[in-house]
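# Per-entry structural report
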Amino acid sequence: MRIQIITLFPEMFEGVLNSSMLWKAQKEGLVEYRLINLRDFGIGPRKQVDDTPYGGGDGMVLMPEPLFAAVDDAKEKDPDAQVLLMTPRGDLFNQELAREFAATQAGLIIICGRYEGYDERITTVVDKQLSIGNYVLTGGELPAMVVTDAVTRLVPGVLGGETSAEKESFSEAGVLEHPHYTRPEIYRGLKVPDVLLSGNHAEIDKWRADNNA
Ligand code: 4FN
């Protein structure tokens, strides 16, 4: 699966894409990431990508020409890819959508907004508008990283060892996680619940079922 990300700040993605799981997914050829710098499609010698809004008002808006050109470039690499626009007005991104994207063999092209937003005409080439939640952010980059992380771990073969049935049991049955403990048994006077040390797996399963958020 190919994930192409259109952004004015490609360097923001380096840490996330080079972290263990996403790095391994790339190394094993399961996912290919491509960062597209919107600036490369800027207009004129100053590589302009933003302009003042028609109708007046504060701030700047991403111009249509660089955005359309960047999407065209991404589509050339991957004609069947779905185009996603990260926007606070979008549908709330969730695990079900992550699973759908991962299952689809087609790639993703993710557009990240900046400033006050983008010229609305870009929505004519967008398949889905997505939001990660209701808070003010400075750009769509962090939301794009959330989608990239959530989708990549579900791409077949990425999470070694675990079967898809195992992955489903927690994240997709609406079951929240139970509390976890590791060594030492007592830390700063805080003891691990006895049942977890008992070796009684029926009792442990019951405790975990009773102690999920
Ligand atoms: N945000 C709100 C209302 C008005 C504006 C914003 C806001 C980044 C380009 C969009 C934000 C949150 C979740 C993208 C927020 C997301 C963004 C997202 C995002 C710069 C314009 C902007 C009512 C939600 C508080 C800035 C609410 N998921 N504007 O944040 O891109 O994907």
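Below is a short write-up of the structure.

Calculation rules
- Residue numbers run consecutively from 1 along every chain, following the written order of its sequence.
- Local features in a predicted model are, by the rule used here, given only for residues with pLDDT of at least 70; side-chain atom pairs are given and counted only at 80 or more, and totals for whole chains, interfaces and linings are based on all residues.
- Neither water nor hydrogens contribute to the side-chain values; these are computed over all heavy atoms in the structure.
- What we call a nonpolar core is a set of buried Ala, Val, Leu, Ile, Met, Phe, Trp, Tyr and Cys residues that are connected through their side-chain atoms within 4.5 Å.
- Only protein chains enter the accessibility calculation, which uses a 1.4 Å probe. A residue is then buried if its area is under 20% of the maximum for its type, exposed if over 50%, and partly exposed in between.
- Each helix is a run of H or I in the DSSP string that is no shorter than four residues. Each strand is a run of E no shorter than two, and both are numbered from the N terminus.
- In what follows, a contact means two residues having at least one pair of non-hydrogen atoms within 4.5 Å.
- Working definition: residue near molecule or strand if any one of its non-hydrogen atoms lies within 4 Å of it.
- Within 3.5 Å is the distance limit for a polar contact, defined as a pair of N or O atoms, with the added protein rule that one can donate a hydrogen and the other accept it, and that residues adjacent in sequence qualify only through two side-chain atoms.
- Throughout, the Shrake-Rupley method with a 1.4 Å probe supplies accessible areas, and for residues the shown protein chains are the sole cover considered.
- Only Asp, Glu, Lys and Arg are considered charged, only Ala, Val, Leu, Ile, Met, Phe, Trp, Tyr, Cys and Pro nonpolar, and every remaining residue, Gly among them, polar.
- Strand pairing is assigned whenever DSSP identifies at least 2 bridges connecting the two strands.
- By the criterion used throughout, a crossover qualifies as right-handed when its path from the first strand across the helix to the second strand runs clockwise, the strands pointing away from the viewer.
- Salt bridges, as used here, are contacts in which a Lys or Arg side-chain nitrogen is within 4 Å of a carboxyl oxygen on Asp or Glu.

## Observations regarding the nonpolar core
Counting residues in hydrophobic clusters, the biggest one holds 30 residues, and the most contacted among them are Phe93, Phe101, Ile110 and Val151. For this core, the secondary structure elements donating two or more residues are β1 (2-7), α2 (20-27), β5 (82-92), α4 (95-103), β6 (108-112) and α5 (141-152). Among the elements that take part in this core, α5 stands out by supplying five residues, more than any other. When sequence neighbours within four positions are dropped, the list of residues in contact with phenylalanine 93 reads Ala98, Phe101, Leu130, Ser131, Val146, Val147, Ala150 and Val151. In this structure, Leu8, Leu38, Val71 and Ile109 belong to the second largest nonpolar core, which totals 18 residues.

## Quick look at the site of the ligand
Close contacts around the ligand come from 20 residues, with Ile132, Gly133, Tyr135, Val136 and Leu137 the closest. In this structure, leucine 137 approaches the ligand through a main-chain N or O atom, which is 3.0 Å from an oxygen atom. Isolated, the ligand exposes 620 Å² of accessible area, and the fraction of that covered by the protein chains is 76%. Contributions of two or more residues to the shell around the ligand are made by β5 and β7 (128-131). No other element matches β5, which puts three residues into the shell around the ligand. Of the residues in the shell around the ligand, the class split is nine nonpolar, nine polar and two charged.

## Some remarks on the pairing of β6
Of all five residues in β6, five are buried, a share of seventy percent or more. Side-chain alternation along β6 places Leu108, Ile110 and Cys112 on one buried face and Ile109 and Ile111 on a second face that is also buried. Pairing of β1 with β6, which is carried by four bridges, proceeds in the parallel orientation. Directly across from glutamine 4, in β6, lies its bridge partner isoleucine 109. Where β5 meets β6, five bridges bridge the pair, whose relative direction is parallel. Residue pairing across strands places glutamine 82 opposite leucine 108, the latter belonging to β6. Note that the unit made of β5, α4 and β6 has a crossover that is right-handed.

## A word on the pattern of salt bridges
Summed over all chains, the structure comprises nine salt bridges. We note a salt bridge from arginine 2 to aspartate 78, for which the minimum N-O separation is 3.8 Å. One end of the pair, arginine 2, is in strand β1; the other, aspartate 78, is in the loop between α3 (64-77) and β5, and 76 residues separate them in sequence. The class for arginine 2 is partly exposed, based on a relative accessible area of 22%. Where arginine 34 meets aspartate 73, a salt bridge forms, and the shortest distance between an N and an O atom there is 2.5 Å. Pair noted here: arginine 34 is in strand β2 (residues 32-37) and aspartate 73 is in helix α3, with a separation of 39 residues, a long-range link. Accessibility expressed as a relative area gives 21% for arginine 34, which makes it partly exposed. Among the charged side chains, a salt-bridge network with shared partners connects Arg2, Glu32 and Asp78.

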